[in-house]
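# Coordinate inspection notes
Below, each chain spelled out in residue letters.
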Amino acid sequence: MKCDIKTLTLEEKIKLLTGKNCWQSETASGKLPDVFFSDGPHGLRKIDIETEATEKATVMPSLVVLANTWDVELARLDGATIADDCIEKGADVLLAPGINIKRTPLCGRNFEYFSEDPFLAGTLAKAYIEGVQSKGIGTSLKHYCVNNREYDRFYQSSELDERTLREIYLPAFEIAVQAQPWTVMCSYNPINGVWASENKWLLNDVLREEFGFEGVIISDWGAVHNSWRAMKATLDLEMPYRPQAYQELKVGFEKGYITEAEIDARVEKILQLMEKTQNDKKVVTTTKEQRHQNALKIARSGIVLLKNEENILPLKQGSILVLGSFYGMGGGGSALGQTEYCPRSLREELAERLAGKCEVVNGFAKVDNKNWATGMRFAAQEAYGKDVVVICVGNNEQIESEAFDRTTLRLSATQEDMIINTAKVNKNVIVVVTAGSAVDMSAWIDKVKAVVFAGFGGEAASEAVADVLAGNVCPSGKLSETFPLNLADTPTGENRGDGFVDEYREGIFVGYRWYDKKEKEVLFPFGYGLSYAKFEYFDLKLEKKGATEYDVVYMVKNVSDTDGQETSQVYVRDVFAMVSRPEKELKGFTKTALKAGESKQVRVSLDARAFAYYSMPLKKWYVENGEFEILVGASSRDIRLTETISIELPDDEQVTH
Ligand code: BGC
C-alpha cells in the first residue's frame, strides 16, 4: 500500500488525526486501512470491538520479571513471542513496552515497568521492541514521560529540574528509541505544568529532533485536553475516539491556530504507519505451545532467590507442605491479559518434579488478602512435623494495578501472620512472593529459611517456581529495583504529591542512587540475586579505545559444581566532581552462562555518556576531567573488582552527546 496525501480532503485529513473508536484509527472515508491498537505489555490484550471481550492469548511474565532476567536476548524473545499472538489475532500495534522509572515502589504499575535504573530499562525495552517489530508488528513505547505513580495521574504535575529529567527520566526513552518503535505514547500528566500531550519541547524538540524518533506520537487513552494544541505540539494521533476532537481541530484550523501544512505533517506520519502495518511481512513462527514454552523460559530466568539459609533450596527429600493457593499471574488494568492455558497448582507441579524423593501435600490454608478462609490454626497443625513448608504469598491484580497505587509495601496482615505462625512450629519455611515491585519483609524474613521472589510470572509461573524449588533450574534472576527495609527509607516515603503537584525533590537520587547517597541499609540491593552456583570475578583490565571509550574486560568463573548463569554489572563512579553525582551508576551488564567449573571472559563497552552528567548551564552532557572508578560487581552493593582511569579532555571535547 502507498497512499498519496493529495487524494485526501481536508476533512478526511483532520479526521485521520483522531481515533475511529476505542482501538482503531480512522480510515478517511474507507480509502485507507485502519490501524488496530491493543495492549500489552506482557502478552496481547486485544478487545473484540463488537463484544468488548478480551481475546485469549499467551500471558507472558510481567515486565518486572523480564527485567529481573537482565537478559537482552530474552527481552527480544518476549517481544517476538507476543508478536505472533498479535499476527494471529489481527492487532497491528502493541501498546507496549512501558518504561517509566520506578521512583517509588508503591506505584501501582511498577509491575508493567522495568526498573529504577534508566540504563537497564532502556536496554531491555530496546530489545523487546526489536523483537516485536522484527515480526512486522508495531510497538508503542509508553508513557512519555515522568509518570511515576498512579495517584491523580491525569492531573498532577510532575515537577522536576532538567538535569533530573535528562539523567533519570529520559535516558530509557532515548535508548529504546534507537529501535525506532512505530509509535510512542505520551503520558497523561503535565510535566512542569504543561500536559505531556501538549508539550512541544518534549514531543518535538527532544523526542523527534534530539533522540531521532521517526514514528507516530499517539496520546494515552484520553490524555488530550485540546486537540489542536496537542497537534501543534506535534502529537500525531489522539486516541481513542472523542466526539469533540474533530470540532476542536476544525475550529483550530479555521481560526488559524493550526495550518494545513501542520496537519499534513501529522497525516504523513500516520500514513507511514499505515504503510508499515500493511507492507511489513508478518509470519507466525511459533505454535501456541512454543509461546507457552517461551513464557516459561522467561519466568524461570526472572525468578530471584533472595535468601537460602543452610542451602535449604533446592528441595532435597522428605515431606513438603504447600500453603497458599494465591497466585497472581499479573497485575491489573490495561495489562490484564487472558490465557487459554490452565495452569496447575504449585503443589501439582512440585509433586511431579519431586516424585520418588518427596511427598508434597497441599495445606488447608488459603492465604489471601482478605480475612476469610485463612485457617491459620489448621495450617500450623499441618506444618508441624513436616520437613519443609512452602508458603505462597503476595499481591494480585486488585492490589497492583493501573489508576491507583499500593498503600503499603507490606503483605496483608493475614499473610504476614501465616508466615510468622507457621515459622513458630516449623523451622524450615520457604516463602514464595508473587508481586510486581518491592515488598517490605521486615516482619518475617528473619524467621524463614528461604525467600523466592517470583514477580508476576504469567501463565507459566507455577511451573517456573517449581523448577527452581526442585532444582531443575538454577536461579539466575537479579533485582532490577532495590528492596528497601521499609517505605520510610524510600526517596519519596509516603509523599504522593498533593493532587496538584508532585515535587521530585530527591532529584537524580532515585533507587540505588538514593540509598547509596543516604548510606542506608537496604533489605536487598539493586542487582542482587542468589544462585545455587557460586561465581568468582578476577582479572579486570580496561582497554582504552578512544578518549572516552573503554572496554571493561574481566573473567567470571563458576566455582561450584552446579551449572548456572551470572549477571555481572559494571558501574562508574566519578571520584571528584564539581556537581553532586551518584555514588555509582550502572553503565553496562552481561548475563553469562557458565557450566560448573567453567570461566569466561566478559567484555562491556563504555562510551562518553558513561562518564558524563547533564550540565544545566551548558544544556549539554558534559564529561568532567579527572578520575573515574570502574566497579564490577555481582550487585550494586557487592563490588568485586575496581580499577581507576583518568580522563583528560581538551575543553572543547568535554561537551558530549
Ligand atoms: C493506559 C495505557 C493503555 C491504554 C489503552 C491507558 O489507560 O495508561 O497504558 O495502553 O489505557 O488501554
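Description of the structure in this document. (Residues numbered from 1 in each chain as written. Predicted model: local features only at pLDDT ≥ 70, side-chain atom pairs only at ≥ 80, totals over all residues. Heavy atoms only, no water.)

### Digging into the pairing of strand β16 (residues 535–544)
We apply this condition: Pairing between two strands requires that DSSP report at least two bridges joining them. A helix here means a DSSP run of H or I that spans at least four residues, while a strand means a run of E at least two residues long, and both kinds are numbered starting from the N terminus.
As judged from the eight bridges shared by β16 and strand β17 (residues 550–558), these two strands associate in the antiparallel manner. From the neighbouring strand, Y537 faces β17, where its bridge partner is V556. Turn length for the β16-β17 hairpin, with the two strands adjacent in sequence and antiparallel, is five residues.

### Brief notes about the packing of helix α5 (residues 162–169) against helix α7 (residues 200–210)
Put simply, the rule is: A fitted line through C-alpha atoms serves as each axis, taken over the contacting stretch for helices, and the angle formed by two N-to-C directions is quoted from 0 to 180°. Any angle that is under 35 degrees is reported as roughly parallel, and any over 145 degrees as roughly antiparallel; angles of 65 to 115 degrees are reported as roughly perpendicular and all others as oblique. Take the far helix as the reference: if the near one is turned anticlockwise from it by less than a right angle, the crossing is left-handed, and if turned clockwise, right-handed. By definition in these notes, contact holds between two residues if any of their heavy atoms fall within 4.5 Å. Under the grouping applied here, Gly and all other residues not named as nonpolar or charged are polar, the nonpolar ones being Ala, Val, Leu, Ile, Met, Phe, Trp, Tyr, Cys and Pro and the charged ones Asp, Glu, Lys and Arg.
Relative orientation of the contacting elements α5 and α7 amounts to 50°, with a least axis distance of 15 Å. Here α7 runs oblique to α5, going by the angle between their axes. As for how α5 packs across α7, the hand of that crossing is right-handed. In this structure, α5 uses E162, L165 and R166 to contact α7, whose residues at the interface are W201, L202, V206 and E210. Split by residue class, the contact of α5 with α7 holds four nonpolar, no polar and three charged.

### Considerations on the pairing of strand β12 (residues 388–394)
Both faces of the sheet carry side chains from a regular strand, because those side chains alternate between them. Rules: Note on classification: 1.4 Å probe, protein chains only; a residue is buried when its accessible area is under 20% of the maximum for its type, exposed when over 50%, partly exposed between these limits.
A large share of β12 lies buried, amounting to seven of its seven residues. Residues V388, V390, C392 and G394 line one face of β12 and the alternating positions V389, I391 and V393 line the opposite face, and both faces are buried. As paired elements, strand β10 (residues 318–323) and β12 share four bridges and run parallel to each other. Across the sheet, residue L321 finds its bridge partner in β12, namely V389. Pairing analysis gives six bridges linking β12 to strand β13 (residues 429–434), with the strands arranged parallel. From the neighbouring strand, V389 faces β13, where its bridge partner is V429.

### Things to note about the side chain of T234
Positionally, T234 belongs in the loop between α8 (227–232) and α9 (245–254). Assessed through its relative accessible area of 6%, T234 is described here as buried. Apart from the residues within four sequence positions on either side, T234 is in contact with K200, L203, N204, R208, I217 and R266.

### Things to note about the pattern of salt bridges
Rule in force here: In the sections that follow, a salt bridge refers to a side-chain nitrogen of Lys or Arg positioned within 4 Å of a carboxyl oxygen of Asp or Glu.
Tallying each qualifying case throughout the model produces 55 salt bridges. The partner of R76 in a salt bridge is E73, with the nearest N and O atoms 2.7 Å apart. On the criterion of helical spacing, the pair formed by R76 and E73 is a turn pair, its members being three residues apart in helix α3 (residues 72–89). Note that R266 and D236 form a salt bridge whose closest N and O atoms lie 2.5 Å from each other. Here R266, found in helix α10 (residues 260–279), pairs with D236, found in the loop between α8 and α9; they are 30 residues apart in sequence, far enough to count as distant. For the pair shown, R266 and D236 are each scored as buried. Overlapping salt bridges bring together R300, R344, E349, E352, R353 and D467 as one network.

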